[in-house]
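Letter by letter, the chains look like this.
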Amino acid sequence: MSDYLAFPPARGVSGTVAAPPSKSATNRALVLAALSDSAVAIVNPLESEDTRALLRCLAAMGARFETVPAGLRVGGPLAGPRDREITLDAGESGTAARFLAAVASATPGRFLLDGAGRLRERPVGELVESLRSAGAAIEYAGAPGHLPLRISGGPLRSGRIAVDASRSSQFLSAPPPRRSRGSGRARGGFRRRRGLGSLRRNDARVPPSLRPRGFGQSGGGGGDSREAWGGHFTAL
């Protein structure tokens, strides 16, 4: 049965559609906030399976989350327990898995990054090689080039990181920014401009290399930093 009926038949439809926030932008904001030294209020984040998967993993790594009327308040620092390995289950979120591979590499602790369904079939080899070039200790716990990954996190080397982003701009956004646990610059070729745009924004309160387009932040006066997201019509 139809959800609605137009009677008599309508010749036109008009109205307003509120576009939901971007999944990729929300996940980038969550990572930036978890890496920051001060609390960050994320306004109007997208709620989805992918963002919830990333939230669970960041929480397991020590991030603090609090629900506020406008969205979420998020803060670090990140660190795993010294006496055991932490499993980071990215579910079926490729965005979360790629970001977490880089964040876990630069976070003290031992982590097993895994996923469900077809996520184990999606390639991560290019990202793993770029992180290894910076000193990341990553081993494949299954098929080479795919999840799961066993990661021993710690400081990464400074320097230039070459990233093959021809298959996904997320590979470029994933390497840890200079103000997390290491330092460096990333370069690569992309099919999309969003990955490059996320590396061009800078702000004093969050790591400087991963701020995506549309990312607005204000702060000062001892209060939280604030990030607000508008609707993103590609999410419809």
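To be clear, the structure that these remarks concern was listed above.
Every chain is numbered independently, its residues counted from 1 as its sequence is written. Side-chain atom pairs in this predicted model are given and counted only at pLDDT of 80 or more, local residue features only at pLDDT of at least 70, and totals for whole chains, interfaces and linings cover all residues. Excluded from the side-chain calculation are hydrogens and water; included are all heavy atoms of the structure.

Caption draft 1: Expanded view of the overall build of the chain. Summing up its helical and strand segments, the chain has six helices and eleven strands in all. Per-residue burial over the chain gives 49% buried out of 236 residues. Accessible area for the chain stands at about 12,000 Å²; split by element, carbon and sulfur atoms hold 50% of it. In this description a helix means any DSSP run of H or I spanning at least four residues, a strand means any run of E spanning at least two, and both kinds are numbered starting from the N terminus. Partly exposed describes any residue whose relative accessible area lies between the buried limit of under 20% and the exposed limit of over 50%, with all areas from a 1.4 Å probe on protein chains only and scaled to the type maximum. Note on areas: these come from Shrake-Rupley sampling with a 1.4 Å probe, and a residue is covered only by the protein chains present in the view.

Caption draft 2: Expanded view of the sheet that holds strand β4 (residues 85-89). One open sheet accounts for four strands, arranged β4-β5-β7-β6; its pairing is mixed. Strands at the two margins of the open sheet, each flanked by one partner only, are β4 and β6 (137-140). Between one strand axis and the next, the sheet turns by 20° as a mean value, whatever way the strands run. Here a strand pair is declared whenever DSSP counts at least two bridges between the two strands. Here four bridges tie β6 to strand β7 (residues 149-153), and the two strands are oriented antiparallel to one another. Opposite E139, over in β7, you have R150 as the bridge partner. Each of β4, β5 (109-114), β6 and β7 is contacted by helix α3 (residues 94-105), which is oriented at about 35° to β7, the strand it contacts most. Across the sheet, helix α4 (residues 125-133) touches β6 and β7, and the angle it forms with β6 is around 150°. Working convention: axes come from line fits to C-alpha atoms, limited for helices to the stretch in contact. Angles between N-to-C directions cover 0 to 180 degrees. Whether two residues touch is decided by their heavy atoms; if any such pair falls within 4.5 Å, the residues are in contact.

Caption draft 3: How the structure looks around the pattern of salt bridges. Just to be clear on terms, a salt bridge is a Lys or Arg side-chain nitrogen sitting within 4 Å of an Asp or Glu carboxyl oxygen. Taken as a whole and assessed by the stated rule, the structure comprises seven salt bridges. For D50, the salt bridge identified is with K23, shortest N-O distance 3.1 Å. Placement of D50 in helix α2 (residues 49-60) and of K23 in helix α1 (residues 23-35) is noted, with a sequence separation of 27 residues between them. A salt bridge links R73 to E66, with the shortest nitrogen-to-oxygen separation between them at 3.1 Å. According to the relative accessible area criterion, R73 is partly exposed, its value standing at 28%. Residue E66 is classed as partly exposed on the basis of its relative accessible area, which comes to 42%.

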